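Survey of secondary and tertiary structure
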Amino acid sequence: MNIQELEISQEELIKAIDLIQKQKPKITVVGDIILDEYIIAYPERISREAPVLILEYKENFYRLGGAANSAVNASSLGAEVSLVGEIGIDSSARILKEICLKENIKLNAIENKNKFTTLKSRILASNQSKSLANSGNASVQQILRIDKINRDSLNLEYTNKLIEIIKTENSNAILLSDYSLGVLSKEVIESALNSKIKIIVDPSNDFKKFKNCFLMTPNQPDTENEIGLKINTNNINDLKILISKLKEKGGSSNYLITKGSEGMMLVENNKIYLIPAFNKAEVFDVTGAGDTVSACVSVGCACGLNLLTCMILGNLSASIVIRKSGAATTTFEEMKEILNNFKFPIKIQSIEI
């Protein structure tokens, strides 16, 4: 067993970002497409009809969610992005198409007349008079979320259509974004894995169905539920068991596990790398941060960067978007600016089991 402390310089990270910006990789995102709605209102008074708060409507706006949030994050990082999935034929689909067009995302979605587009509506209370749609972070409180979801799996006709779309995609990497809403069936997953390019998976459960993918990017709770083991990075024997469990129940030999305020863990074959979170003090909204990480890592993998560098860039991207409201994005220009305020070198613990 070998434990080391690695150091990463600012120059190395800037060089990696410059490489991505020069290559402008092509990314295909396949998964459950969601539209996020934000309804902003001001608290007015308590209702006389029932002990509930009355809010006065101020505004509402929309952002891409689910696999679509991963797509917009990859696009904001300069990648050429194609979004593959399923939407309905409804007002939410129309809004989603408009946003994709604005964000330079090629929408290759099946339009299913028998299903509606998944819509997650968040009701936020605010005491501010300014618009929140483009204000970054602001003082708001989420009061309620209403999900309009159809969890039915794709029928054979739509499954075959989706597979044909994936076969025609010409990209440097495929990101599978799984929200357990029925798009990533066994057949669709197999068609992606058969493409012979790097497959990155952001799973929700059942890691084994993505067997032989290049990299998985689960969060810690989902990983612990999957392997039936609490992750303890302070105990070497526990780390040995973790690697064994991931090999037994997982779908890949490479895992980037996001651990919230505790940072990230990269499992690469029999090596483990631990990195602390870059931002703990300015957390405003963690919505969609996992999508940001998987998108940033996918863009890096598509350009041939090593997984350790991809993890650091993913950590950096997450540290930025959690300072903003809703499912937010960042850019490499913004990341470079943040790096100028970092204390270098960045230190990473490396453990070889």
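Just above, that's the structure.
Residues numbered from 1 in each chain as written. Predicted model: local features only at pLDDT ≥ 70, side-chain atom pairs only at ≥ 80, totals over all residues. Heavy atoms only, no water.

Scanning the protein from terminus to terminus reveals 10 helices and 15 strands. Referenced to the eigenvectors of the C-alpha coordinate spread, the extents of the protein come out at roughly 65 × 50 × 40 Å. Taking all 353 residues of the protein together, 53% fall into the buried category. For the protein, contacts bridging at least 24 residues in sequence account for 71% of all contacts bridging at least 6. Roughly 16,400 Å² of accessible area belongs to the protein as shown, and the carbon and sulfur atoms make up 46% of that amount. Computing the positive centroid from 41 side-chain charges and the negative centroid from 42, the protein places the two 2 Å apart. (Helix = DSSP H or I, 4+ residues; strand = E, 2+ residues; numbered from the N terminus. Buried < 20%, exposed > 50% of the residue type's maximum accessible area, 1.4 Å probe, protein only. Contact = heavy atoms within 4.5 Å. Areas by Shrake-Rupley, 256 points an atom, 1.4 Å probe, with all protein chains shown as cover. Lys, Arg positive; Asp, Glu negative; His and termini not counted. Charge placed at Lys NZ, Arg CZ, Asp CG, Glu CD.)

So, on to a nonpolar patch on the surface. Taken together, the side chains of Ile46, Leu53, Ile143, Leu144 and Ile146 present a nonpolar region at the surface, about 460 Å² in accessible area. Among the elements that line the nonpolar patch, the one with the most residues is strand β8 (residues 140-148), at 3 residues. Mapping Ile143 onto the fold places it in strand β8. Ile143 sits in the partly exposed class, given a relative accessible area of 43%. (Patch = residues over 30% accessible without salt bridge, like charges linked within 9 Å, V, L, I, M, F, W, Y side chains within 5 Å. Salt bridge = Lys/Arg side-chain N within 4 Å of Asp/Glu carboxyl O.)

Another point: the packing of helix α6 (residues 220-227) against helix α7 (residues 236-249). At a minimum axis separation of 10 Å, α6 and α7 run at an interaxial angle of 75°. Taken together, the axes of α6 and α7 lie roughly perpendicular to each other. Residues Thr223, Glu226 and Ile227 of α6 form the contact with α7, whose own contacting residues are Leu242, Lys245, Leu246 and Lys249. Grouping the amino acids of the contact of α6 with α7 by side-chain chemistry returns 3 nonpolar, 1 polar and 3 charged. (Axes fitted to C-alpha atoms, helices over the stretch in contact; angles between N-to-C directions. Parallel < 35°, antiparallel > 145°, perpendicular 65-115°, else oblique. Nonpolar A, V, L, I, M, F, W, Y, C, P; charged D, E, K, R; others polar.)

This part covers the pairing of strand β3 (residues 33-46). By the bridge criterion, 13 bridges tie β3 to strand β4 (residues 53-66) in an arrangement that is antiparallel. Bridge pairing in β4 links Ile40 to Glu59. Counting the residues in the hairpin turn of β3 and β4 gives 6 residues. As paired strands, β3 and strand β7 (residues 118-126) are joined by 8 bridges and run parallel to one another. Counted as the bridge partner of Ile34 is Thr118 from β7. (Pairing = 2+ DSSP bridges.)

With respect to the element layout, Tyr255 can be found in strand β12 (residues 254-258). Relative accessible area serves as the criterion here: at 1%, Tyr255 is assigned to the buried category. Along the backbone, Tyr255 and Met265 are 10 residues apart, and their C-alpha atoms lie at a distance of 7.9 Å. Residues in contact with Tyr255, not counting those within four places in the same chain, are Phe207, Leu215, Met216, Pro218, Leu246, Gly250, Met265, Leu266 and Val267. Among the polar contacts listed, one links the side chain of Tyr255 to the backbone oxygen of Ser252, at a separation of 3.0 Å. (Polar contact = N/O pair within 3.5 Å; in protein donor to acceptor, adjacent residues only side chain to side chain.)

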